[in-house]
Amino acid sequence: MTTIRIGNGYDIHQLSPNRPLILGGVEIPHSLGLLGHSDADALTHAIMDAMLGALSLGDIGHYFPPTDPQWAGADSLVLLAKVNQLIQKQGWQVGNIDSVVVAERPKLKPHISTMRDRLAAVLGLAPNQVGIKATTNEKLGPVGREEGIAVYAVALLVSSSEL
Ligand code: MG
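Residues numbered from 1 in each chain as written. Predicted model: local features only at pLDDT ≥ 70, side-chain atom pairs only at ≥ 80, totals over all residues. Heavy atoms only, no water.

Participant: Describe the layout of surface pockets, with residues and values.
Facilitator: A water-sized probe rolled over the atoms picks out the places where empty space is left. Approximately 230 Å³ is the volume attributed to the largest pocket. Around the largest pocket, the lining comprises 14 residues; the ones closest to its centre are Ser 38, His 45, Ile 60, Phe 64 and Pro 66. When residues of the lining of the largest pocket are traced back to their parent elements, those giving at least two are strand S1 (4-16), helix H1 (42-54) and helix H2 (60-63). Considering only residue class, the lining of the largest pocket consists of six nonpolar, six polar and two charged. For the second largest pocket, the calculated volume is near 160 Å³. If you go around the second largest pocket, the residues you meet are Val 101, Ala 103, Glu 104, Arg 105, Pro 106, Lys 107, Leu 108, Lys 109, Ile 112, Ala 134, Thr 135 and Thr 136. Among the elements of the structure, helix H4 (109-123) and strand S6 (130-135) are those that each provide at least two residues to the lining of the second largest pocket. Considered class by class, the residues forming the lining of the second largest pocket number six nonpolar, two polar and four charged. (1 Å grid on protein atoms, 1.4 Å probe; cavity = no way out; pocket = protein on both sides within 12 Å on 5 of 7 lines; lining within 4 Å. Points joined across faces, edges and corners; volume = space filled by probe spheres on them. Helix = DSSP H or I, 4+ residues; strand = E, 2+ residues; numbered from the N terminus. Nonpolar A, V, L, I, M, F, W, Y, C, P; charged D, E, K, R; others polar.)

Participant: Please provide a residue-by-residue account of the pattern of salt bridges, values included.
Facilitator: Applying the stated criterion across every chain, the model contains three salt bridges. For the salt bridge of Asp 98 with Lys 133, the shortest nitrogen-to-oxygen distance reads 2.7 Å. Residue Asp 98 is located in strand S5 (residues 92-102), and its partner Lys 133 is located in strand S6; the two are separated by 35 residues in the primary sequence. With a relative accessible area of 30%, Asp 98 lands in the partly exposed category. Relative accessible area serves as the criterion here: at 39%, Lys 133 is assigned to the partly exposed category. The residue Glu 147 makes a salt bridge to Arg 145 at a minimum N-O spacing of 2.8 Å. Its relative accessible area of 53% is what places Arg 145 among the exposed residues. (Salt bridge = Lys/Arg side-chain N within 4 Å of Asp/Glu carboxyl O. Buried < 20%, exposed > 50% of the residue type's maximum accessible area, 1.4 Å probe, protein only.)

Rendered as structure tokens:
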């Protein structure tokens, strides 16, 4: 009987003036922000896709379509709570999450512990179950040219009956 499942998620959003930069539910002071239908929180989006992917439940575009005005400017942490409810209903819990945020600027390190706390609180986890790493793209490609921020995430789900 399968008692653990793994999923991966990826997201990228364009950087644009006059937008807030929100990652992991934390607003980070910067001259540019992420463009998107919701709050464009690419970290939270990649994590949701990893959680859904672990159960082959599709992707966030299926549950929160960018064409639906209901999700305009949505707080991605609210969407994350919904995805967590969905996996719990199916009998699963997050075991742990790991993620990498690829951004040339700004420096994310001072904000990582707040992001982990915030995501962990929404998911009912301890902060040490939510890994967030930040790296640059060494000035290579669109992320290196500061045209966008990309995020990779994996989520391990554990069957609730195992806990
Ligand atoms: Mg997204």
